[in-house]
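# Structural description and commentary
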Amino acid sequence: MHKIADKLTQVKHRIQQVARLSGRNPDEITLLAVSKKHPAAAIADAYAAGQADFGENYLQEALDKMDTLADLAITWHFIGPIQSNKVKKIAQHFAWVHSVDNLKTAQKLSKHRPEDRAPLQYCIQVNIDNEASKAGVLPENLDELVKSVRNLPNITLRGLMAIPEKGTSKDDENNAFARLRQLLNELQIKRGKHFPELNTLSMGMSADMDDAVWEGATILRIGTDIFGPRP
Ligand SMILES: *Cc1c(COP(=O)(O)O)cnc(C)c1O
């Protein structure tokens, strides 16, 4: 039980260290604990140790955990691929969605977000390395998508998310995280007038979190380093 609390402390220290080294304020970095495939009890342990933001990839698994942990003030993030028949429930049950990559999904999220809840916060997932089989909008189509989601009510575009191709983030010449940051900067300049809260870079997992912090991540999605290997 204490293992999760200890690992959380280690991860937070690491974020603070790297943030300081890179001249950043650690307070601008949110740690998202990715709990997919781990039981509700593991989430409860992390919560007891002060962790409030949790990320899930699979809708039904997440709904079951929400049910079990209904008494806890958890902020739930959906970070997995979005099937169209699941969009309605995602809009109803999550605070954040990181993996929007097309207009139809954004429209459906907007339509199904309950009026009595805070606007759904979302990021657009970018296929930053142009990988054939990966989710996400291609960089060259990003601006068009952002333009088209401009007037959707009940959802708020917060920024960009990416999962770089393995290895690319280590390559300083062509750093995937740096390219995502650049894309966000361009959007802020070009479209910021319509998206005043466009300030989020959801990037960095257990294996590459240091590099993501160096390149400006504001949400780190960390699973293994907190909960151990997935069963
Ligand atoms: C599983 C997952 C993570 C966490 O990965 P770890 O390597 O366990 O830290 C982060 N982001 C997404 C989108 C994931 O699916």
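An account of the accompanying structure is given in this report. Keep in mind it's a predicted model, so treat the numbers as computed, not measured.

## Some points on the overall build of the protein
Helix and strand counts for the protein come out as nine helices and eight strands. Looking at the protein as a whole, 49% of its 231 residues qualify as buried. A sequence separation of at least 24 residues applies to 58% of the contacts in the protein between residues at least 6 apart. With the model as given, the accessible surface of the protein reaches about 11500 Å², and the carbon-plus-sulfur share is 48%. Seen as two clouds, the 30 positive and the 29 negative side-chain charges of the protein have centres 5 Å apart.

## Re the site of the ligand
Every residue near the ligand is listed here: V34, K36, N57, I79, I163, M205, S206, R221, I222, G223, T224 and R230. Interatomic distance of 2.5 Å between a side-chain N/O atom of S206 and an oxygen atom of the ligand. Its free accessible area being 380 Å², the ligand has 89% of it covered by the protein chains. Here the shell around the ligand is composed, by residue class, of five nonpolar, four polar and three charged.

## Re the pattern of salt bridges
Counted by the stated rule, this structure contains 10 salt bridges. A salt bridge links R14 to D210, with the shortest nitrogen-to-oxygen separation between them at 2.5 Å. Residue R14 is located in helix α1 (residues 2–21), and its partner D210 is located in helix α8 (residues 209–214); the two are separated by 196 residues in the primary sequence. Note on R14: relative accessible area 41%, which makes it partly exposed. With its nearest N and O atoms 2.8 Å apart, the salt bridge here joins D143 to R191. Highlighted residues: D143 in helix α6 (residues 139–148) and R191 in helix α7 (residues 176–191), separated in sequence by 48 residues. Taking the relative accessible area as the measure of exposure, D143 reaches 21% and is therefore partly exposed. Judged by its relative accessible area of 11%, R191 falls in the buried class. One salt-bridge network, held together by shared partners, links E56, E61 and K65.

## A short note on unusual backbone geometry
A positive phi angle, close to 70°, is found at K37, a residue other than glycine. Of note, K37 is situated in the loop between β1 (30–34) and α2 (40–48). Under the relative-accessibility criterion, K37 is labelled partly exposed at 42%. Located in the positive-phi region is N130, a residue other than glycine, with phi close to 50°. Of note, N130 is situated in the loop between β5 (120–125) and α6.

Conventions we followed
Residues numbered from 1 in each chain as written. Predicted model: local features only at pLDDT ≥ 70, side-chain atom pairs only at ≥ 80, totals over all residues. Heavy atoms only, no water. Helix = DSSP H or I, 4+ residues; strand = E, 2+ residues; numbered from the N terminus. Buried < 20%, exposed > 50% of the residue type's maximum accessible area, 1.4 Å probe, protein only. Contact = heavy atoms within 4.5 Å. Areas by Shrake-Rupley, 256 points an atom, 1.4 Å probe, with all protein chains shown as cover. Lys, Arg positive; Asp, Glu negative; His and termini not counted. Charge placed at Lys NZ, Arg CZ, Asp CG, Glu CD. Near = heavy atom within 4 Å. Polar contact = N/O pair within 3.5 Å; in protein donor to acceptor, adjacent residues only side chain to side chain. Nonpolar A, V, L, I, M, F, W, Y, C, P; charged D, E, K, R; others polar. Salt bridge = Lys/Arg side-chain N within 4 Å of Asp/Glu carboxyl O.

The quantities given are spatial measurements derived from coordinates; they are silent on function.
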